[in-house]
Amino acid sequence: MQRRTDVGSRGGSRVLLVSTNRERQPYPVVPNGLACVASALDAAGHRVRFLDLCFSRDPVATARAGAAGFRPDIIGVSVRNIDNSDAIALRHYTPEARGVLSALRHAAPDARVIAGGAAFGVAPEALFRDLGVDYAVAGDGERASVALVNALTSGEEIEALPGLVRDRNGTVSFTPPGEDADLDSLPAPALHRWIDLARYQRHGATIPIQTKRGCVYKCVYCTYRNVEGWGYRTRDPELVADEIEELKIKAGVRHFDFVDSTFNSPPGHAIQVCEAITRRKLGVQLDTTNFTPATASSELLGAMKAAGFRSLGITAESASDAVLAKLEKGFTAAKVREVAERVEKHGIRTLWIFLVGGPGETPRTLEETLAFAAWRLERGDAVYLTVGLRIYPGTTLHRIAIGEGVVPPDSTLLDPAFYFSSALDFDATVARLKRFASDHPRFMFSADSRSAVLPYLTRAASVLRLPRPHWQYMGVFQRVARAMG
């Protein structure tokens, strides 16, 4: 049965919040952002129902029934991603979102429809036009959504709220989102109130925790600065520990995933978060796949190990200086090797994450990355590699792609477009990676993550209660998936 959560019986509007993300490969992602909005609206006095479509067999029918049964005044729809950013096994999510929106409109024709989610931080105006909603919110959603719903509830004139996208006499108007530094005054996300966390965990998901928003790095392909802004807005480490402790006590969660843009930057704040968790003696396991080699001191790694890190994912993207410079990663290949050795000395296993085909990539730079990958695989780590870079609006890569004639200047990029270095042959590159994968079971590139068998293997690992993260069993998963393929 689809989980539906009603909270509050006070005045205000009846707000139906719908999470449209149904991607479950390699594992489903808990809709943390929409839960933050749900808690904020509930605290503001609105009656909120949360409808999560991730596990629905028929999302259109589930959405229609949810809207008809609740009779909302306002519908909020979250769109997490435009697509899966995978050039080999592309999936485009906005067509399905359109189907859900149509069902919601028909079931609750008088409701005002607001859209949001990370995808609107990437392409707010183009998505607004494409989905045909009444309003949209880009960037931080808590205060903007509350202000918008309050105005719609009271009938007040809606001003230019930070992050608001709307139609003004046939012209789409977008007010850039504000960067609210005071995250600590927001209501706690309280994921367990809104989401069936146990079901997500059964399917291999880890439970997200955010310690900050924003980013200071300049990676040419990244959308974090568009979505969360420049610079860091940190949370009080004690409040982060409070959230983890509450989820452990009330929902039985013992494995958490830090989903910041970069968990270990600024390093001082990361250390303080780890120390706050350690002081509580919570006995939880911690993870992140957002760890940069740019800053990884022994002090930081020691604090992470003490807090509960046994593994982590490092987003190196390349092990070639030529490519790292073009991607503007802020570190060198020598730094990547240094961090690899330091992390290993602290007894932390690593999933290394790479991108192939970016600016400056050649057959020689690819071999440099594969040589590093082979070294780490021999040392017991795992490697995940993506082929091609999704081009998103407003990024440096977008400007590079326009300059090289890869995409036209007027493209909205809602239809996915990818950058792949002209110095590489795509088919030959994929063939090289397949040969490498056949010799290294713990190596996975993006096409492997689309295996129809992988979700079942991940769920089996969860049912058997194998220690997380499940990527550490990648070698076994790969052997089984390739044998059945």
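Scroll up a little and you will see the structure.
These lines cover the structure that appears in this document, whether it is placed above or below.

Reading the values: the criteria
- Residues numbered from 1 in each chain as written.
- Predicted model: local features only at pLDDT ≥ 70, side-chain atom pairs only at ≥ 80, totals over all residues.
- Heavy atoms only, no water.
- 1 Å grid on protein atoms, 1.4 Å probe; cavity = no way out; pocket = protein on both sides within 12 Å on 5 of 7 lines; lining within 4 Å.
- Points joined across faces, edges and corners; volume = space filled by probe spheres on them.
- Nonpolar A, V, L, I, M, F, W, Y, C, P; charged D, E, K, R; others polar.
- Salt bridge = Lys/Arg side-chain N within 4 Å of Asp/Glu carboxyl O.
- Helix = DSSP H or I, 4+ residues; strand = E, 2+ residues; numbered from the N terminus.
- Buried < 20%, exposed > 50% of the residue type's maximum accessible area, 1.4 Å probe, protein only.
- Pairing = 2+ DSSP bridges.
- Axes fitted to C-alpha atoms, helices over the stretch in contact; angles between N-to-C directions.
- Contact = heavy atoms within 4.5 Å.
- Parallel < 35°, antiparallel > 145°, perpendicular 65-115°, else oblique.
- Left-handed = near helix turned anticlockwise from the far one by under 90°.

For the rest of this paragraph, the subject is empty space enclosed by the protein. Applying the stated rule across the entire model yields 3 cavities of 30 Å³ or more. Of the pockets and cavities examined, the second largest cavity occupies roughly 70 Å³. Every residue lining the second largest cavity is listed: Thr-20, Asn-21, Arg-22, Glu-23, Arg-80, Asn-81, Tyr-93, Glu-96 and Ala-97. Counted by class, the lining of the second largest cavity contains 2 nonpolar, 3 polar and 4 charged residues.

This part is about the pattern of salt bridges. If you walk through the whole model with that rule in mind, you get 25 salt bridges. Across the pair Arg-213 and Asp-140 runs a salt bridge, and its minimum N-O distance is 3.3 Å. Separated by 73 residues along the polypeptide, Arg-213 in strand E10 (residues 212–213) and Asp-140 in the loop between strand E6 (135–137) and helix H6 (142–154) bring together distant segments of the chain. A salt bridge links Arg-342 to Glu-338; its shortest N-O distance comes to 2.6 Å. Note that Arg-342 and Glu-338 are positioned in helix H14 (residues 333–345) at a spacing of 4 residues, about one turn of the helix. Assessed through its relative accessible area of 33%, Glu-338 is described here as partly exposed.

The next point concerns the sheet that holds strand E14 (residues 311–317). In spatial order, the strands read E14-E15-E16-E19; together these 4 strands make up an open sheet with parallel pairing. Two strands in the sheet have a free side with no partner beyond their single neighbour: E14 and strand E19 (443–445). Strand after strand, the sheet turns through a mean of 20° between neighbouring axes, direction not considered. In the sheet, strand E15 (residues 349–356) pairs with strand E16 (residues 382–387) via 6 bridges, with the strands oriented parallel. When the sheet's bridge partners are listed, Val-356 is paired in E16 with Val-387.

Strands sit in the order E9-E12-E13 across an open sheet of 3 strands; the sheet is parallel. The sheet is open, and its two borders are formed by strand E9 (207–209) and strand E13 (285–288), each paired with just one other strand. In this sheet, neighbouring strand axes are inclined to one another by 35° on average, regardless of whether the strands run parallel or antiparallel. Both strand E12 (residues 255–258) and E13 contribute to a ladder of 4 bridges, which runs parallel. The partner of Phe-258 across the bridge, within E13, is Thr-288. Contacting E9 and E12, helix H10 (residues 237–251) runs over the sheet at an angle of about 160° to E9.

Below, the discussion takes up the packing of helix H1 (residues 32–43) against H6. Helix packing for two helices is described by the angle between their axes and how far apart those axes are. Two numbers describe how H1 lies on H6: the axes approach to 9 Å, and their chain directions differ by 45°. When the axes of H1 and H6 are compared, the pair comes out oblique. Of the two elements, H1 crosses H6, and the hand of that crossing is right-handed. The residues of H6 that touch H1, namely those facing Cys-36, Val-37, Ala-40 and Leu-41, are Glu-142, Ser-145, Val-146 and Val-149.

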